[in-house]
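# Close look at the chain arrangement
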Amino acid sequence: MAMLLEGVGIVLLAIASMGVLMVLVVVLRLMRLRWQTVHCRTVAREDMPANVRHTLDLGGQALAALGFTYGYSGATSRALVTPQDEPQFFDVYQHVEGHTHAMVSPSTEPEPHQPCTVQLITCLTNGNNWTTLNCYRHMSPMEVPRWRVFDDYLPTWDLAWQRHLERVRFAQARICTDGIEVRRRLLRTFDKLIPALVHQGRLVAADGGPHYRLRASAALRMGLAILLGQVRSAWARRGQTPERPTPAQASAAATAAAPTHGVEADLRAYEAQRALVRSAPTSTRHKWLVFLISGLLFLLVGGWWMSWSLVPIVLAVVALHEGGHYLAMKLTGYRNLSVFFLPGLGGLAMGEKASATPNEKLLVYLAGPVPGIALAGLAFWLSAAGYWSGPAWLNEFLLVSLVINYLNLLPLVPLDGGRVMETLVFVQHPRMRFAFAAICCGLLFGLGLLLQDTVLQVVAVMIALGLPSQWRRMQLDQTIARDGQTALDEHQALTHIFTAMQLPRFQAWSFAQRSAAATALLPELMGRRARAAEAVGGVLIYAACLLGPVAVALAAMPQLVPALSPMVQATRVPADDVDPAPASALAKSPVDWSTKLAGVASLPAEAQLETYLGAAQQASDAEDTDAALRHYQAAWVLAQGLPARDLRRIDAIQGLASLTEDDAQRRAYLHQIITELEQPVGQERVRVASAKEQLSHGDIPPAERVGLLRQALQLRQVAVGTDDAIATTRLMLARALDDNANPADAEVQLRTRAAELPPPPAKDRSRQALNQRARRVLYQVDVAWFLIGHGRAAEARQTAEQALQDVPPRITASWVYPQQQALEAAVWAQLLSQPGPGLAGHWEAYDTARRSGYGGDRKLLVHEADRALVAQALRDAKMQRQAQAGIDEALTKMPRQSVVLCKPLPDSAHANWRAGQHAARRRILTDLQACGPSA
């Protein structure tokens, strides 16, 4: 549950950051637009272009059904400066009752059966004016004095018309029904638009010329209005079916009869949007601003769930990766290039070249990950060969670069490898491409679960959010008429796309959805598809980039094979079948003490002490002893002024004791803890017990060691009753008693240790119960080895058999090690005594268990020596030959395995219950000449 909540939080934060980035891009683009004074005039309707006149007729037919009659036509220059500075035409109708006028103009976002925008206008005699729009206010966010704009974002125009009538009915001022006055006000409004915006401070002069630009604050306001308005409009129209005719429905028949009008409306609106974008290309300064802000958002989101020390390295790797894409696009003639980061997820290099060839796309996709892999691989090869040694931070950067870039080569959309496969293989098969994207989404999420990588899981969720749009794209792609490999120009391609979208199955799509689909498919129609030879060659190049680094690494460093074997083998071991833990039992997310250390100087003294202690423990767990010692020393500076029994002071002393290399100083620290916590209570007993256990590790007489461990055991029992630490203390005490020539008491401690851990109920399928069952088996194995070490092989065999009975038939991840240990004890209980008839069966089970577990594909000298001993005991010549071959192979791949096995055990006062095992292995390896002449 905690992992799920963390994942949801990350997704929400990523979406919020993407929203911030989207607003930034929209605002900067709005600030690049240039505005000009608008002039409006009346025109003869026959002077309009025929296609515009036909589009306006569709709106006029609907208004006629509502009691409107045609009045006049007009044309106005566009407020936004574009290369295609064409006038915008409109018709004005008047209601038969005179209270409302309707202005019809071609829509900038034509919806199905509604290619026109209708503005309902009512003028009041007091000089004020009302205008009603529907789901369109965000596209006209300007404010003109004495004009009030209403937009209730209703599902249908019919409802908007009814709402306007209600306003007119309850108007407190008189309605102006003079058509000439309404015309005068309407035409003057266009002329006053830009001056009003300049007066309001929203527009300022641009570049010293006749044009204007938006201020940053006005651009932000307008950008938010556009984005939120589009969401509100889509929400208002979701799944609504009007109950009676509306202006949109009334024109449906005409649109169906003349589908070219719908195509023309869509083309005109879409090309106008593209012209507007091209008229205000993003400046270099704005591109750098987006790059830097997106980088900061990446650090914020990434640092929230990654280490703050790691996320800058990831950011640098992503920047270099996208830089490779950028350079490749620049070399192949892409235009309008830009690079920015996707907060916490990755980066994106963008460019425009609709006519890019398949080979150019292949180069662009591979130019991101391949250089990073090659650079990291070369650096690691030079380091392994001894030619170069980089600092720790650079090695970490190279490792992250290798991992991220190689993952990006995997054939999964939206990774670069997936884009390669999509371009070369799936682009001609829309259904297969969508299936490929959906499967990739599932595989990415599964890979994230397997690797416990939240980033991959979040990426998979983000892809899943885009699957509906990919489904729409697939549906449209299947209906577009194509002519083999022929590439089209932009207008031809758009005509093909929007013509296909006139089919009834696409009539429910909004213009935003149609525009997105057209933008996605446009490069495919303008660019040539890969020929068969290009597809095969490109796939081979991609395969070489994907598999080549692995082959080179394995050839250059054969030792990677045994290192990778456990990871491969791990996939063969089933996961544990346990009930999910309740939310209250899930572990909390670990504290990032390294981040807290960065600001430790500004914290109060108590918080500083807590931070140093936490960071020291974290460094100690990571085996960074130098950092742990520094943090404990800093903690002791703050803690030494605390009262003697303060546990934070004790923890600082205990940390220093565990890390100091001076034995005398270590013992002094431990005695200080015992002295300061004289007559301990509560958790003080645990600290004193730990100190006594550490004192027992030194070179002291066995009797003194036994005394310290008995005291530690007693303290732990009083403090917590029964837990894992008590079991560990009992094992240490058993070894100390055996060293002190008291094997009977040692055996009591070992058997008590196993007896104190009763079997949980059979119906208990919790993780805790599973761990308890596995520990019981291992505790019995320890008893078996004790008995083997004391020459009681028959009892040891019986104990091992009892342990094996507690091993379930189906071996899952947590049972791999306990099963192997129990089988090994059962085999050796017979090898070191008189081999019985069960030796062959136990050995076969042990050998199978080791081969099917982690790292089972590796040839280990120790296991092959055991095989030789079993073969000798069973007098099995075939097994003996297998053992000899296994020993030779193990020594060839890892010759240093024989260093420990072929040397006698050093003299020690401590009992070693496996001494007989070591001696037997050394003897057989010597007999087989595997130890060399010096053994």
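Counting restarts for each chain, with residues numbered from 1 along the sequence as it is written. The predicted nature of this model means local features are confined to residues of pLDDT at least 70 and side-chain atom pairs, given and counted, to a pLDDT of 80 or more, with totals for whole chains, interfaces and linings taken over all residues. Heavy atoms throughout the structure, all of them, feed into the side-chain values; hydrogens and water do not.

### A look at the overall build of the protein
Heads up, the condition is: Only DSSP runs of H or I reaching four residues or more are called helices, and only runs of E reaching two or more are called strands; each is numbered from the N terminus. To sort residues, take the accessible area from a 1.4 Å probe on protein chains only and compare it with the maximum for the residue type: under 20% means buried, over 50% means exposed, and anything in between is partly exposed. Any two residues whose heavy atoms approach within 4.5 Å at even a single point are treated as in contact.
Along the backbone of the protein there are 37 helices and 11 strands. Relative to its 935 residues, the protein shows a buried fraction of 46%. Counted over contacts in the protein with a minimum sequence separation of 6, partners at least 24 positions apart contribute 64%.

### Quick notes on the confidence of the model for the protein
As a general rule, the predicted coordinates of low-pLDDT regions are not to be interpreted in detail. What counts, and what does not: Confidence scores here are pLDDT values: one per residue, from the predictor, ranging 0 to 100.
This prediction gives the protein a mean pLDDT of 82; 87% of its residues lie at or above 70. Taken as a whole, residues 559-571 scores under 50 in pLDDT and shows 20 contacts with residues more than four places along the chain or in a different chain.

### Quick look at the environment of Gln608
On the secondary structure map, Gln608 appears in helix 22 (residues 605-621). On the basis of relative accessibility, which here comes to 17%, the residue Gln608 falls in the buried class. Separated by 12 residues in sequence, Gln608 and Lys596 place their C-alpha atoms 9.1 Å apart. If we ignore the near neighbours within four places in the chain, the residues touching Gln608 are Val600, Ala601, Leu603 and Leu638.

### A word on the packing of aromatic side chains
Using the following cut-off: In summary, the pairing rule links any two rings of Phe, Tyr or Trp, Trp by its six-membered ring, whose centres are within 6.5 Å, and it sorts them by plane angle into stacked for under 30 degrees, edge-to-face for over 60 and tilted for everything else.
Taken as a whole and assessed by the stated rule, the structure comprises 11 aromatic pairs. Centre to centre, the rings of Tyr70 and Tyr93 are 5.7 Å apart; their planes meet at 75°, and the pair counts as edge-to-face. Placement of the pair is Tyr70 in strand 2 (residues 68-76) and Tyr93 in strand 3 (residues 88-95), with a sequence separation of 23 residues. Tyr70 gets classed as partly exposed once you look at its relative accessible area, which sits at 39%. Look at Tyr93 and you get buried, because its relative accessible area is 7%.

### Notes on a nonpolar patch on the surface
As a reminder, the rule being used: Without a salt bridge and with relative accessible area above 30%, a residue can belong to a patch; like charges are then joined within 9 Å and nonpolar side chains (Val, Leu, Ile, Met, Phe, Trp, Tyr) within 5 Å. Here the Shrake-Rupley method, with its probe set to 1.4 Å, supplies the accessible areas, and only the displayed protein chains count as covering residues. Salt bridges are defined as contacts in which a side-chain nitrogen from Lys or Arg sits within 4 Å of a carboxyl oxygen from Asp or Glu.
Together, Leu220, Leu224 and Leu228 make up an exposed nonpolar region whose accessible area comes to about 270 Å². Considering the arrangement of structural elements, one finds Leu224 in helix 5 (residues 216-236).

### Topic: the pairing of strand 5 (residues 114-123)
Formally: For two strands to count as paired, DSSP must find a minimum of two bridges between them.
Where burial is concerned, most of strand 5 is hidden: nine out of the 10 residues are buried. The pairing of strand 4 (residues 101-111) with strand 5 spans seven bridges and is classified as antiparallel. Opposite Ala102, over in strand 5, you have Leu120 as the bridge partner. Here strand 5 pairs with strand 6 (residues 129-133) via four bridges, running antiparallel. Paired with Leu120 across the strands is Thr132, a residue of strand 6. What sits between the antiparallel neighbours strand 5 and strand 6 is a turn of five residues, in which Gly127 has the positive phi angle 95°.

### Considering the pattern of salt bridges
A full pass over the atoms with the stated rule returns 33 salt bridges. Close ionic contact of Arg710 with Asp745 constitutes a salt bridge, the shortest N to O distance being 3.7 Å. Placement of the pair is Arg710 in helix 27 (residues 702-720) and Asp745 in helix 29 (residues 743-755), with a sequence separation of 35 residues. One salt bridge connects Arg776 with Asp806, and the closest N-O pair in it is separated by 4.0 Å. Taken as a pair, Arg776 in helix 30 (residues 767-789) and Asp806 in the loop between helix 31 (793-805) and helix 32 (816-831) lie far apart in primary sequence, 30 residues in all. Among the residues examined, Asp806 registers a relative accessible area of 33% and is labelled partly exposed. Connected through salt bridges with shared partners, the residues Glu747, Arg751, Arg792 and Glu795 form a single ionic network.

### Remarks on the side chain of Glu422
For Glu422, the position within the fold is in helix 14 (residues 416-426). Here Glu422 falls in the buried class, since its relative accessible area comes to 10%. Each residue touching Glu422, except ones within four places of it in the same chain, is listed here: Val427 and Arg433.

### Brief notes about the pairing of strand 2
Each regular strand displays side chains that alternate between the two surfaces of the sheet. Alignment of strand 1 (residues 40-43) against strand 2, held across four bridges, turns out to be antiparallel. Across the sheet, Cys40 pairs through a bridge with Thr76, a residue of strand 2. Across eight bridges, strand 2 lies against strand 3 in antiparallel orientation. Opposite Tyr70, over in strand 3, you have Tyr93 as the bridge partner.

### Quick notes on the state of the cysteines
Our working definition: Whenever a pair of cysteine sulfur atoms sits within 2.5 Å, that pair is classed as a disulfide.
Scanning the entire structure with this criterion turns up one disulfide. Between the sulfur of Cys902 and that of Cys931 lies a disulfide, 1.9 Å long from S to S. On the S-S bond that ties Cys902 to Cys931, the torsion sits near -75°, and the link is left-handed. Of this pair, Cys902 sits in the loop between helix 36 (898-901) and helix 37 (915-927) while Cys931 sits in the segment after helix 37, placing them 29 residues apart in sequence.

### Let's talk about the environment of Trp828
Relative to the assigned elements, Trp828 resides in helix 32. As a C-alpha pair, Trp828 and Leu839 span 11 residues in sequence and 9.0 Å in three-dimensional space. Trp828 has contacts with Trp785, Ile788, Asp866, Leu869, Gln917, Ala920 and Arg921, leaving out every residue within four places of it along the chain.

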